[in-house]
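Understanding the architecture of this molecule
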2 protein chains.
Amino acid sequence: MNEKEQARRPGGRSARVGAQVHQAVTELISERGYGNFTVGEVAARAGVADSSIYRRWGSLETLLSEVALTHLNAQSPMPDTGSLSGDLRTYAAQVAREITGPDGPAVLHLAVALSSSGQRGLQAGADIRAERTRQLQSMLDRARDRGERAPDAFDVLDHILAPMYIRVLFGMGLTPDYVDGLVDRML
Amino acid sequence: MNEKEQARRPGGRSARVGAQVHQAVTELISERGYGNFTVGEVAARAGVADSSIYRRWGSLETLLSEVALTHLNAQSPMPDTGSLSGDLRTYAAQVAREITGPDGPAVLHLAVALSSSGQRGLQAGADIRAERTRQLQSMLDRARDRGERAPDAFDVLDHILAPMYIRVLFGMGLTPDYVDGLVDRML
């Protein structure tokens, strides 16, 4: 895109800055882990001014939670296969791919670390989970509307997501059979 | 204990240094989170020389894993109530108390953080879990020896421990009814 096209599309520069900043955060989390870098370091790596970050996101926690949320949403739209078992299997496999992918463990550690970084972090973590739970709930509601007996979103958290999260957080890895087994056990 | 008693008990000073260093680590984890302090800061707070820490523990990761392991073991000896359901209920309640107690979330974050801090951290985390799994397995083996149908240690990890860990890591809290419900569902 040249300068003229950017001028015609006012979202262009803002979107580019957003993408650069997200990329810088993802890299810094992978390299150093959560909590070991500053807004200044994100800004330097993204090639923007510190003040641009503070103006747009307000705080490092808010920026971090936006990055985590974007990853989770972009990588796992909720499936709609027509059956609860199809939806849950597809969903579990998506989450497994996402949390074992190149940025997955970093994003998962971030979600966990946010919850231990004071009130603002707790709120950011809660926002991520609320959005995720809302998406999951609509998938389960669709199953109920079709007359299927569906678990609630907390059952899915406790018995499908939590085991996968803990195994990845503990560096234990996930196999497709293991992930399918969690879904079968729940159904 | 006076100087003379210490001189008669060669373990005295070593045990005292160990306790001071453990206390310093626990405080620093609670105050700053994992990864945000150095061996030098632990030494300063414990009132010992950096070199004493390196000589005894070799690295910060090894020290951190020893602290985590001591907490987990000291606070949760495995129950032996005579029945699997009694053992699992008591065990789950102990773990819940431990991870929601004053140092619990810090120790849990530490266990998670260790796994993302390179090879030495991964090994330290694996050692903590191996010790824990061994204890759990003997509890389940006792149930099998009595003729009870017992789950395996990984089922307990996936469906009792993982949901509790994730809820505490996400700042969601645990109620006794919730914890009992996890055990009942498994049995």
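Now for a quick tour of the structure. Keep in mind it's a predicted model, so treat the numbers as computed, not measured.

Some thoughts on the nonpolar core
- Among the nonpolar cores identified, the biggest contains 66 residues, and Val156, Ile160, Met164 and Ile166 of chain A together with Val156 and Met164 of chain B are the most heavily contacted of them.
- Once you skip the residues sitting within four places of it in the chain, Ile166 of chain A turns out to touch Leu157, Ala162, Tyr165, Ile166 and Leu169 of chain B.
- Within the second largest apolar cluster, 22 residues are counted, among which are Val39, Val42, Ala68 and Ile128 of chain A.

With respect to the interface of chain B and chain A
- With 27 residues of chain B at the interface, the matching set in chain A holds 27 residues.
- Summing both partners gives a buried area of about 2500 Å² for chain B against chain A, and 65% of it is carried by carbon and sulfur.
- Contact with chain A buries area across many residues of chain B, yet His159, Phe170 and Arg185 of chain B alone supply 26% of it, more than any other trio.
- There are four salt bridges connecting chain B and chain A.
- A salt bridge links Asp158 of chain A to Arg167 of chain B; its shortest N-O distance comes to 2.9 Å.
- Contributing elements (two or more residues each) for the side of chain B that touches chain A: helix H7 (104–114), helix H8 (118–145), helix H9 (153–169) and helix H10 (176–186) of chain B.
- The greatest single-element share of the side of chain B that touches chain A, amounting to 11 residues, is contributed by H9 of chain B.

Reading the values: the criteria
Residues numbered from 1 in each chain as written. Chains lettered and ligands numbered in written order. Predicted model: local features only at pLDDT ≥ 70, side-chain atom pairs only at ≥ 80, totals over all residues. Heavy atoms only, no water. Core = buried A, V, L, I, M, F, W, Y, C linked by side-chain atoms within 4.5 Å. Buried < 20%, exposed > 50% of the residue type's maximum accessible area, 1.4 Å probe, protein only. Contact = heavy atoms within 4.5 Å. Buried area = accessible area lost by both parts, 1.4 Å probe. Salt bridge = Lys/Arg side-chain N within 4 Å of Asp/Glu carboxyl O. Helix = DSSP H or I, 4+ residues; strand = E, 2+ residues; numbered from the N terminus.

Purely spatial values, then, with no claim about function.
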